[in-house]
Amino acid sequence: MKLKDVISPFYVWKRAFEKPYTNTNPLETRDGSANYRGFHANDIEMCIGCGTCEAVCQNAAIDMVPVEGVDTTMSDSGLRPKIDYGRCCWCALCVDVCTTASLRLTNEYTWFSSDKDEDFRFIPGIDKKSWDDNELGYRRHEGLELLDYKRQAMDHIPFEDSTKSFIEMFHGYSAKQAKLEAERCVDCGLCIAKCPAHMDIPEYIKAIRDGDFELGAKILYATNPMPATCGRICTHLCETVCSIGVQGDPVAIRWLKRYIIDQIEPGDLKDALGEIFPDNGKKVAIIGAGPGGLSAAYYLRQLGYSTTIYEGREAAGGMIRYGVPEYRMPYDQIDKETNYLKECGVEFKFNTYVGRDIQLENLMDDYDAVYFSVGLTIPYGLGIEGEEHPRVLSGLQVLDDATERVEENPNIGKSVAVIGGGNVAMDCCRVSKRYDADVHLYYRRRISEMPADSDEIHESQGEGVVFHTQAIPVRVEPADNPNQVKLVWGEAEMVTPKDGGRPRPVLQEDKIHTDTFDCIIKAIGQEGNYEFFTGEYKEKLETKWGKIIHNEYMQTSIPKLFVGGDIANPQADAISAIADGHLAAKGIDLFLLHPDDKQMKK
Amino acid sequence: MFTPDRSKYPKHVNGRPEIDLSSGKYTKVWHGPQHPGITGNMALEITLCGDEVVESITHVGYLHRGFEKLMERRTFIQCFPIVCRIAVPEPAFNEYCFSAALEELSDIEIPEQAQWLRTFNLELMRLSSFLMWIGGMAGALGQGTIGQWCVTHRDYVADLFEEMTGGRIYHMYMLPGGVRAPLPPGFKERAFKVFDGIEKMLDAVDKVLYNNYVFKQRTQGLGIITRDMIERYGVVGPNARACGVKRDVRLDEPYVKYDELDFDYVTANASDAYARAVCRFEETLQSIDLCRQVLNKMPKDGPFHTKTPNVMNWKVAPGETYAKAECTRGEYGFYMVTDGSDKPRRVHARGPSMTHAICLMEQLAINTNVSDIAGLMVSIHTYPPEVER
Ligand SMILES: Cc1cc2nc3c(=O)[nH]c(=O)nc-3n(C[C@H](O)[C@H](O)[C@H](O)COP(=O)(O)OP(=O)(O)OC[C@H]3O[C@@H](n4cnc5c(N)ncnc54)[C@H](O)[C@@H]3O)c2cc1C
Ligand code: SF4
Ligand code: SF4
């Protein structure tokens, strides 16, 4: 035994004089650190109710619940997370995956209640708590990304080469890109509500992740018989509400749709979809083989109707074929979709223009119901002096010519002014570029206000179209050369009306310019042509602002007659026409086979 | 020293003692699961002859939460908040092994800064756990005051964890791809202050506990781990190093940034409870040194996390791997099998406690005086939750 080992422990006495280490709670409290994972706080305005927090919580501590003061909208489920603190383990994964960064944890870690009935399940941001305004507490740190915020870029023909041909510009995703892009989805489903056709987007994206393209195609066809079209040129409203888009790039829903359908060879659709079409003995006539007509025909076939499409032109597709240029929408893709419809038993009567080759009356008499979706074919005029000049062309005509005779210059010359700011205008610009023209675009407002798709604007600029914005056409004048024309236009100033509202372009009289071109292409919109309505039908058909009035199942003021597409909906895009066709098919079914149904005029 | 009358001892048949309780020669006592000297929810079923242990059987089952099974039903990211719970006082090793295994199976390289932060977190974890152990060991031998000192300072380490990770006990910090947050401003200075305090306290512990006649008397010669036990029972960590075995994953197969740190094996030769206590004391000081080294060497900032696939849809290709690290008690590892789905097919957590608390303890207990059982149990440093995954 060493003496030291006996004496040394007495050192312990020294510690008796030290100050205590503990806090005298509640006199002295200690706040949680800046990074502390305490009770949740949620910015209710920022939260979109996507439910990703609920999905990640492995304790199932989160329920998405409706709350007062928050409405369900196209981009907000209207639900908010409610946290069960009997289950939560404060892992903050919900914070890390919150798509909007609205959710965070505060540094408050205690909660007392003397009321035994008080619930320990709170809706952060709705149930007011003392910690709501605590600035401190865990948030997702910049640099920690558990979601994938960056979109897979799609390869395309570079701008130097894209204008040299009408070959499809975008190559589509590779298998790897598609899978990576599909993995970005968080399955919130907000997009379903926004899509006019309510396509089951999260499910078909899941089918890509699972590599099951047949299932994917079935999901697509459940709401859309033109996925190859929409996978390329859809206005993709769905992407505007994608929750991943709040902090990053929205999931490329449109491109993924294209990817699925591109995996199925044209002749294999029948096998892949494995559909059986019944026959209920009733027949429906459809006027117009655009998206609206094709969609109605398909869903009517599914319900057992025999369907015949009357189409004035020699091929199907409507504006998708004769308007949208081939570098965006290759014709073989439209054929792939139309051929499948033929396999489904849809009958096509091409080159049969209703009003000329056959009369509406005959169809109304011969069929159990008639659906029409004839699109907008009459271009709006510019409403300015001199526009009847022969070198002022209609955009629709130029695009039509480029479809019919792609190898010939559609009479536009080598310098072109395009007037408008929508997709038709962009198409006219880019088609003109492909005929080697020098192209100038004139638009009344700012780029941010252009109705055209932002991709289209970007690609037009990439291909060298010169944009003149806040530029108002004033008049058209003949040029010295009869094959040319002068555009007189003025610069505009954006003026906000006194009562607020959207700023309007106001012409500045002192800033007028004159430019000379080989032609001016007007592309500022178009309207429907209802001349084939004659006699009693003309009288009975009700329209408003040039569009056909209908009920929620697309039934017009004439009970047997249903409508859809650009002449019926304000969006005037392919997917809305497709949605209309589907609805009309249900409407026709209700009308013909459900005599007790109260929603339809009989 | 007390010498028992061995004539009354049971005969061994097939390696087990033949005990006839009705003979009146033996007493059975349950040590635990509530006994503080048992290091958690475990029980030793002890058969005594007089006050000498003739048989000890370790019982578990008081803490089974089925983590391994739970993980088979959770997506990879959902496993992340679970794993830390597998060893309550040392969550970091679970987080690290889980993440490292998943990263290996998914071909993810984590950034430099994340490696430094992981090294720091793991070493700080060792420090915190050693402090708890020293307190526990002192407590088991009746020196509760030292337990208070150590736990106080461990709480200052918990403050550091809180700042760094957002949690004091379950840090949930190391996740697949790296770590969740960089160090907050001013952290290094605060950490150094905490380390200084601990060193000062350890100096007192050295005087009061390690140079204490009673402590030495009771621990020297207690629970000697023989050479042949080391391989037979898979003895690792300070339990092995106190027998002169140079075995330390940090040095044998360096991971994260251990190959850039300056340190060596801490060993002793006596193989008894005292030698183990000395090793752990030295390793506590070593941990402080390593923590300082990391904070001094690591870059000021840099990316701390690499983008993983969207965790909501993360599938991992079929594969299997074993990731390991040196926790305070030796080799800690996760064996992970994936099958191409979004959930692990199987995860097995290997902690040193399984072999130490059951196979080894059952051997060491024999012929021990019952009053030393608590000290013996603590001296092999086991955590029941990692036996019951
Ligand atoms: C240049 C251009 C670009 C566009 N780009 C896009 C785009 O990128 N994305 C998008 O979603 N939408 C785009 N659109 C809009 C889209 O093409 C239309 O919304 C869609 O085609 C409307 O379908 P629909 O069935 O209503 O009519 P349409 O597609 O116009 O089809 C009507 C069909 O009816 C036929 N028809 C007309 N009258 C008769 C008659 N009396 N008898 C027999 N047949 C008749 C026509 O020949 C035509 O085939 C674009 C339109 C144009 C003009
Ligand atoms: S902190 Fe973790 S356990 Fe709590 S609600 Fe969020 S995800 Fe669920
Ligand atoms: S993840 Fe965020 S945005 Fe989505 S519901 Fe939860 S709190 Fe709201």
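Higher on the page you've got the structure.
Since the model is a prediction, treat every value here as computed from it, not as a measurement. (Residues numbered from 1 in each chain as written. Chains lettered and ligands numbered in written order. Predicted model: local features only at pLDDT ≥ 70, side-chain atom pairs only at ≥ 80, totals over all residues. Heavy atoms only, no water.)

Our focus in this paragraph is the pairing of strand β10 (residues 344–350) of chain B. Residue and element names in this part refer to chain B. As judged from the 6 bridges shared by strand β9 (residues 330–338) and β10, these two strands associate in the antiparallel manner. Considered in β10, the bridge of Val337 is made with Arg346. Hairpin connection of β9 to β10: 5 residues between the antiparallel strands, including Gly340 at a positive phi of 90°. (Pairing = 2+ DSSP bridges. Helix = DSSP H or I, 4+ residues; strand = E, 2+ residues; numbered from the N terminus.)

Another point: the packing of helix α5 (residues 175–183) of chain A against helix α7 (residues 201–209) of chain A. All names here are of chain A. Contact geometry for α5 and α7: axes closest at 8 Å, N-to-C directions at 135°. Overall, the two elements α5 and α7 adopt an arrangement that is oblique. The way α5 lies across α7 gives a crossing that is left-handed. Contact with α5, carried on its side by Ala178, Lys179, Ala182 and Glu183, involves Ile205, Ile208 and Arg209 of α7 and no other residues of that element. Residue composition of the contact of α5 with α7, by class: 4 nonpolar, no polar and 3 charged. (Axes fitted to C-alpha atoms, helices over the stretch in contact; angles between N-to-C directions. Parallel < 35°, antiparallel > 145°, perpendicular 65-115°, else oblique. Left-handed = near helix turned anticlockwise from the far one by under 90°. Contact = heavy atoms within 4.5 Å. Nonpolar A, V, L, I, M, F, W, Y, C, P; charged D, E, K, R; others polar.)

This part is about the interface of chain B and chain A. Chain B puts 46 residues into the contact, and the matching count from chain A is 48 residues. For the pair chain B and chain A, the two sides together bury roughly 3,800 Å², of which 53% comes from carbon and sulfur. The largest per-residue losses of area from chain B upon contact with chain A belong to Arg180(B), Met312(B) and Asn313(B), which jointly make up 17% of the total buried on that side. At the junction of chain B with chain A, the criterion picks out 6 salt bridges. The interface formed by chain B and chain A contains 28 residue pairs in polar contact (both at pLDDT 80 or more). Every element with two or more residues in the side of chain B that touches chain A is listed here: α2 (76–83), α5 (144–165), α6 (187–210) and α7 (213–219) of chain B. Per-element accounting of the side of chain B that touches chain A gives the leading share, 9 residues, to α5(B). Each residue belonging to the side of chain B that touches chain A can be placed in one class, and the counts come to 21 nonpolar, 13 polar and 12 charged. (Buried area = accessible area lost by both parts, 1.4 Å probe. Salt bridge = Lys/Arg side-chain N within 4 Å of Asp/Glu carboxyl O. Polar contact = N/O pair within 3.5 Å; in protein donor to acceptor, adjacent residues only side chain to side chain.)

Okay, the site of ligand 3 next. Taken together, 15 residues sit near ligand 3, with Cys47(A), Cys50(A), Cys53(A), Cys98(A) and Thr100(A) positioned nearest. Residue classes in the shell around ligand 3 are distributed as 8 nonpolar, 7 polar and no charged. (Near = heavy atom within 4 Å.)

All names here are of chain A. In contact at an axis separation of 10 Å, helix α17 (residues 395–404) and helix α18 (residues 423–434) are set at 50° when each is read in the N-to-C sense. Here α18 runs oblique to α17, going by the angle between their axes. By crossing handedness, the relation of α17 to α18 is classed as left-handed. Between α17, through Gly395, Leu396, Leu399 and Ala402, and α18, the contact on the second element is made entirely by Val424, Asp427, Cys428 and Val431.

Now for the site of ligand 1. Residue and element names in this part refer to chain A. Of all residues adjacent to ligand 1, which total 35 residues, the nearest are Ile233, Glu311, Arg328, Ser373 and Asp566. At a separation of 2.6 Å, an oxygen atom of ligand 1 approaches a polar side-chain atom of Glu311. Side-chain polar atom of Asp566 to an oxygen atom of ligand 1: 2.6 Å apart, as the coordinates give it. Starting from 990 Å² of accessible surface for ligand 1 in isolation, the protein chains cover 95%. Listed by contribution, the elements that provide at least two residues to the shell around ligand 1 are α13 (291–302), α14 (319–322), α17, α18 and α21 (574–593). Residues that form the shell around ligand 1 fall into these classes: 18 nonpolar, 11 polar and 6 charged. (Areas by Shrake-Rupley, 256 points an atom, 1.4 Å probe, with all protein chains shown as cover.)

With that out of the way, let us pick up the sheet that holds strand β5 (residues 52–59) of chain B. Residue and element names in this part refer to chain B. Pairing is antiparallel across the open sheet formed by 3 strands, whose spatial order is β3-β4-β5. The open sheet has two free edges, formed respectively by β3 (27–31) and β5, since each of these has just one partner strand. Neighbour-to-neighbour, the strand axes of this sheet turn through a mean angle of 20°, independent of strand direction. In terms of strand pairing, strand β4 (residues 43–49) meets β5 through 7 bridges, oriented antiparallel. The residue of β5 that forms the bridge with Leu44 is Thr58. Each of β4 and β5 is contacted by helix α12 (residues 353–364), which is oriented at about 170° to β5, the strand it contacts most.

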